[in-house]
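Close look at the chain arrangement
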Amino acid sequence: MITSKHLYHNYNRIVDQVLVVMIQNRPFDANLAASATTFRPWSAEAVSEVLRSVTRFFFQSPRSIGRQKGFRHRAPLRQRKLKQERDNFNNGVMVLGPAAHRDPHKVEFGLDKAMEFFYWVETHFGFVHNETTCKEMAIVLARGNRLKALWDFLKEMSRRGSGELVTTMTITCLIKVLGEEGLVNEALTAFYRMKQFHCRPDVYAYNTVINALCRVGNFNKARFLLEQMELPGFRCPPDTYTYTILISSYCRYSLQTGCKKAIRRRLWEANHLFRIMIFKGFVPDVVTYNSLINGCCKTYRIERALELFEDMNKRGCAPNRVTYDSFIRYYSAVNEIDSAVDMLRRMQRMNHGVPTTSSYTPIIHGLCEAGRILEARDFLVELVDGGSIPREFTHKLVCDALVSAGVANFDDDDIHRRIKYGIESRYKQVEKFKPIMTRKGYASLETSELKTST
């Protein structure tokens, strides 16, 4: 463990030095190789870390700093049109999607420097690229949306040696990256061009391209690939993850349509796939159940959701916090607060998860709307005692309700101070990453605290 930390520290030093050379726009030539004594010897891990840092430094917009790594809260993806995006950028029209607020000139500069560095290490240091470094370089080209250069690079690498530089895992990673960038048609093209690079798709490759297609709502092509996998004797039969991708995508995409008929159709498809999955002997996991339960709860099909919940327990699949949160949100939305509280207590009693802000917030809001202010205050105190900090709106809602009811704000001033301190600390932590953000109230709050302290 100590050795790995030491090596990682050395990689960070190398990455910083190479990034300085790139930012200064110094050419990667023989003179730089002669003066760069600290760059020796190069390893596959060091080269890969440099290439990963190019995407983080040159491709991210300032608004993306400090963002969530997942895509759960993002808007639905659509198939991007690169030519139209370039025209919009040149005409001063705002570009939306994964390329929003990204500087194309900075991206092009990073791509040129990454390619220059890739061949510079090979030419002047005798470094022999392997599958990992080729994969990272291909990912850089894919994230930079330079598709023609990507295919030329893969053709060149596949001709080297015996073709071990471009493997199935390399193409699968490219499919995943292209899908995340909204280039789903290009991801599907990469899937079908696997044979050109003497690669054979596996189950992971099929699952990756199906996931990319489902993210943009292309369920017809995704179902076609699933039916191909279900053919008798097919070399890549589907697994539990294949069905889970489609089921969760049907449930998530149906709620984004806003059409009741489309919602019913998508949820029917999800439940139909779930029954096929059970019939074929696959064991659904907690993610599969959570997707169906969440979709049923958000469309007010509580009977089907409870049926899935009981089936989940019978099959020995332990529910988690996400499962209970779906029921808590439903019961709070339909003003059945006692049932939501029962679900919260059941989660705590069965030790199926630790309730967090997402578990308490719907109950607190429902209690405030029902006029049960003291109970809402007790749940807010319980939330803070559990180690979580409520959102500012939730805290203000309870305080305003207590004042309107003529009840003392908080019996324990320590709880009030802890909530205020937690909200301010959370805001200041975000402000470190996004210093351009402003928020009303905190400047006057800090001024008043300084006056009271003095």
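Relevant structure appears above.
As a starting point, this report considers the structure included with it. (Residues numbered from 1 in each chain as written. Predicted model: local features only at pLDDT ≥ 70, side-chain atom pairs only at ≥ 80, totals over all residues. Heavy atoms only, no water.)

Observations regarding the overall build of the protein
- Secondary structure summary: the protein contains 22 helices and zero strands in total.
- Counting all 454 residues of the protein, 44% fall into the buried class.
- For the protein, the share of sequence-separated contacts (at least 6 apart) that also reach a separation of at least 24 residues comes to 66%.
- For the protein, the accessible surface area stands at approximately 24,600 Å², while carbon and sulfur atoms represent 54% of it. (Helix = DSSP H or I, 4+ residues; strand = E, 2+ residues; numbered from the N terminus. Buried < 20%, exposed > 50% of the residue type's maximum accessible area, 1.4 Å probe, protein only. Contact = heavy atoms within 4.5 Å. Areas by Shrake-Rupley, 256 points an atom, 1.4 Å probe, with all protein chains shown as cover.)

Overview of the side chain of Thr299
- If you trace the backbone, Thr299 turns up in the loop between helix 14 (286-298) and helix 15 (302-314).
- With a relative accessible area of 18%, Thr299 lands in the buried category.
- Reaching out from Thr299, the side chain makes a polar contact with the backbone oxygen of Gly295 at a distance of 2.8 Å.
- Side-chain polar atoms of Thr299 contact the backbone oxygen of Cys296, separated by 3.2 Å.
- Contact partners of Thr299, with chain neighbours within four places excluded, come to Leu255, Ile263 and Leu267. (Polar contact = N/O pair within 3.5 Å; in protein donor to acceptor, adjacent residues only side chain to side chain.)

So, the nonpolar core
- Trp42, Phe117, Leu154 and Ile171 are the most contacted members of the largest nonpolar core, which has 124 residues in total.
- Those residues within four positions of Leu154 in sequence are excluded, and the remaining contacts are Ala138, Val166, Ile171, Leu174 and Phe197. (Core = buried A, V, L, I, M, F, W, Y, C linked by side-chain atoms within 4.5 Å.)

Points about helix 16 (residues 321-333)
- When the terminal C-alpha atoms of helix 16 are compared, their 18 Å separation across 13 residues agrees well with the 18 Å that a helix rising 1.5 Å per residue should span.
- Turning to helix 16, its buried residues number three or more, namely Thr323, Tyr324, Asp325, Ser326, Phe327, Ile328, Tyr330, Tyr331 and Ser332.
- Just beyond helix 16, the residue with positive phi is Asn335, at close to 65°. (Expected span 1.5 Å × (residues − 1).)

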